[in-house]
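Residues per chain are reported as follows:
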Amino acid sequence: MRSHYCGQINESLINETVKLYGWVHRRRDHGGLIFLDLRDREGRVQVVFNPEQVDQFKIAESIRSEYVVMVKGRVQHRPTGTINEKLPSGKVEVIADEIAILNTAEPPPFRIDEYSEVNEDTRLQFRYLDLRRAEMSDRMRFRAQVNHSIRNFLQENGFLEIETPMLTKATPEGARDYLVPSRVHAGHFYALPQSPQIFKQLLMVAGMDRYYQIVRCFRDEDLRADRQPEFTQLDMEMSFIDEPTIQTLIEKLMQRIFMDVLQVELPNHFPRMTYAEAMRRFGSDKPDLRIPLELVDIADLVRDVEFKVFSQPANDPKSRVTVLRLPNGADLSRKEIDDYTHLVAIYGAKGLAYIKVNDRQAGITGLQSPILKFLPEEVVAKILDRAQAENGDILFFGADSAKIVTESLGALRIKLGQDRGLLEEGWRFLWVVDFPMFEWDDKEHRWQSLHHPFTSPAIQDPEALKKDPGAAPSRAYDLVLNGTELGGGSIRIHNADMQRTVFRILGISEQEAEEKFSHLLTAFRYGCPPHGGVAFGLDRMVMLMTGGTSIRDVIAFPKTQSAQCPLTHAPAPVGEAQLRELNIRVIKKTL
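Residues numbered from 1 in each chain as written. Predicted model: local features only at pLDDT ≥ 70, side-chain atom pairs only at ≥ 80, totals over all residues. Heavy atoms only, no water.

(A) Highlighting the environment of Leu179. Looking at the secondary structure, you find Leu179 in strand β7 (residues 179-181). Residue class for Leu179 comes out exposed when judged on its relative accessible area of 52%. With 106 residues separating them along the chain, Leu179 and Asp285 place their C-alpha atoms 32 Å apart. Non-local contacts of Leu179, meaning those with residues more than four positions away in its chain, are made with Phe189, Tyr190 and Ala191. (Helix = DSSP H or I, 4+ residues; strand = E, 2+ residues; numbered from the N terminus. Buried < 20%, exposed > 50% of the residue type's maximum accessible area, 1.4 Å probe, protein only. Contact = heavy atoms within 4.5 Å.)

This is the structure in structure tokens:
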């Protein structure tokens, strides 16, 4: 068949005869010659047809874009002045001796060109054409390189690649399961796995020691740019391990991937930051360290002021008063400040107080703000000192419950960093550690796992854990890259008593625990080793590495944000006969 890919044709092949297969990217008629740009997975090359070869020239005249052809010919230098520096093959061309049309093609619904703007719905409907574009083809190749690098590294480090079941049992992991009806067990359902969590823990009980899998997972949840109903994660689990060892191993893995695929050298050690510090300084448990803005607490400075908007939360241990300094931000217009006020309102903030610092040396008269009349001058001076305010800056304030202030100013920090061009270049990795074990859900009036119910608490006394769940730290850790959570993991519970205690704190009854997790609890009785692991969103990581904004652009056949497939029109109705066979009856909703 082929002797080379199109993208492999270069000066080293001068005067050699090559045989190529691919798609016609473009046809051009110039001065009696016909030029075809032939394209395949590896790139493009120019093919030239001379009218003296009457039969071949006639075939070339009939060819249109996206025809599938075979070309045989000799590689020659391009004439002076016709070199295309943008193509790896741009210094050469193939002088055709033979051509065969293997298949014709209708005009495509959009140009197969990396520079063409195409509506995403159309791209997804004709995804097989979209994937022909160099931009998308490169992303699929990039993703394959990442997978290859991962497998090589883990193989070298003693991991076994083991597949876990796709048809399993529904478990409460924070999102809704996709259910699959059983034909042979009427009225019973499988669930597609949200993760292989329990199975990988059972593999540790089985003595596999080091497991990994590049695995498909499913979650029936509301979608965003970085979420899909089905997604791929790198899943890992290790026995007889602790947090520093896992984190060091993952750092080496990331260093290998970035060097293999991007030729980027990462630092030998990624910084660690506690969850509490991340929330306090950046308003997020996945802070983007490329943005040089931080939240600064000032509750102690305003506890005694008459301005109750500040003093009331300052005296409430569950609240915060915080300032966020934007350097050179005093030029913000009233409309821009109003837009930022609307942003923080999304997170429950009742307003966005500010002070513009025009001239610090002029004292209070050098400042501009509607709240200055409510604050003593000496308090304002202390706030400016703590915020390290300089002339030309603007200070934004948050004063409310800790949750509202943290989330609203955290979001404002990101928005200001993006709008003002403050993002620094580079790859900023960060381990966020020492997460709380539980968080209280005010709507459901119960404790929930901050990660998942199999995470080990740092407190190993079940009675102490039950006494004050909110104070218990967990042995969990997340890896963050440029403000995006790549993934996370934890040291797991490996003791049945502790696992039952955690279930009880989460409101999972003894009966429910037996129904859903008896296989795990039983396994713990037969010598479960201490173990831990981590899982990374592969789609998300490839998206970041390729500079994308949506994981849909690094998945071959993604769903839309409404969890639909424009290509196959899934999900789709099922015939009555098949429903009867599955013992299912569809009841239509009445509006």
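Once you've had a look at it, read on.
(B) Spotlight on the packing of helix α5 (residues 197-205) against helix α15 (residues 510-524). Between α5 and α15, whose axes approach to 10 Å, the crossing angle comes to 20 degrees. In terms of axis orientation, α5 runs roughly parallel to α15. Pair α5 / α15 crosses with left-handed handedness. Across the interface between the two elements, Ile198, Gln201, Leu202 and Val205 of α5 pack against Phe517, His519, Leu520, Ala523 and Phe524 of α15. Of the residues in the contact of α5 with α15, the class split is seven nonpolar, two polar and no charged. (Axes fitted to C-alpha atoms, helices over the stretch in contact; angles between N-to-C directions. Parallel < 35°, antiparallel > 145°, perpendicular 65-115°, else oblique. Left-handed = near helix turned anticlockwise from the far one by under 90°. Nonpolar A, V, L, I, M, F, W, Y, C, P; charged D, E, K, R; others polar.)

(C) Expanded view of the pattern of salt bridges. Tallied over the full model, the rule gives 49 salt bridges. Among the ionic pairs, Asp297 bridges to Arg320, the shortest N-O distance being 2.9 Å. Of this pair, Asp297 sits in strand β12 (residues 295-297) while Arg320 sits in strand β13 (residues 319-326), and the two are 23 residues apart along the sequence. For Asp297, a relative accessible area of 28% gives the class partly exposed. Residues joined in a network through salt bridges with shared partners are Arg123, Arg127, Asp130, Arg133, Glu135, Arg139 and Asp553. (Salt bridge = Lys/Arg side-chain N within 4 Å of Asp/Glu carboxyl O.)

(D) Focus on the packing of helix α14 (residues 496-505) against α15. Look at α14 against α15: their axes get within 11 Å of each other, and the N-to-C directions meet at 155 degrees. As summarised for this structure, α14 and α15 are arranged roughly antiparallel, according to the angle between their axes. Crossing handedness for the pair α14 and α15: right-handed. Contacts between α14 and α15 involve Ala496, Gln499, Arg500, Phe503 and Arg504 on the former and, on the latter, Glu510, Ala513, Glu514, Phe517, Leu520, Leu521 and Phe524. For the contact of α14 with α15, a count of residues per class yields seven nonpolar, one polar and four charged.

(E) Examining the pairing of strand β4 (residues 68-77) more closely. Bridge analysis of strand β1 (residues 17-30) against β4 gives seven bridges, and the strand direction is antiparallel. In the sheet register, Thr17 faces β4, and the bridge partner there is Arg74. For β4 and strand β5 (residues 92-103), the ladder comprises ten bridges, and the chain directions are antiparallel. Following the sheet pairing, Lys72 is matched in β5 by Glu98. (Pairing = 2+ DSSP bridges.)

(F) Up close: the nonpolar core. If you look at the biggest cluster of nonpolar residues, it comprises 41 residues, and the most contacted ones within it are Val146, Ile150, Met236, Ile250 and Met254. The element contributing the most residues to this core is helix α6 (residues 243-262), with eight residues. Apart from the residues within four sequence positions on either side, Ile150 is in contact with Ile214, Leu234, Leu253, Ile257, Leu538 and Met541. In terms of nonpolar packing, the next biggest core, distinct from the first, is built from 25 residues, Ala299, Ile383, Leu384 and Ala387 among them. (Core = buried A, V, L, I, M, F, W, Y, C linked by side-chain atoms within 4.5 Å.)

(G) Here's a closer look at the sheet that holds β4. Taken together, five strands build a closed barrel; the order of strands is β1-β2-β3-β5-β4 and the barrel is mixed. This sheet shows a mean twist of 55 degrees between the axes of neighbouring strands, independent of strand direction. Looking at chain direction, strand β3 (residues 43-49) and β5 are connected through two bridges and run parallel. Within the sheet, the bridge partner assigned to Val48 lies in β5 and is Ile95. Packed on one face of the sheet, helix α1 (residues 54-62) meets β1, β2 (33-40), β3 and β5 and runs near 70 degrees to β5.

(H) View of the packing of aromatic side chains. The tally for this structure, following the rule as stated, stands at 15 aromatic pairs. Aromatic side chains Phe454 and Phe503 sit 6.4 Å apart centroid to centroid with 85 degrees between the ring planes, which places their arrangement in the edge-to-face category. Placement of Phe454 in the loop between β19 (446-449) and α13 (462-467) and of Phe503 in helix α14 is noted, with a sequence separation of 49 residues between them. The same class applies to Phe454 and to Phe503, which are both buried. Clustering of aromatic rings is evident, with ring pairs tying together Phe258, Phe270, Trp427 and Phe429. (Phe/Tyr/Trp six-rings, centres within 6.5 Å; stacked < 30°, edge-to-face > 60°.)

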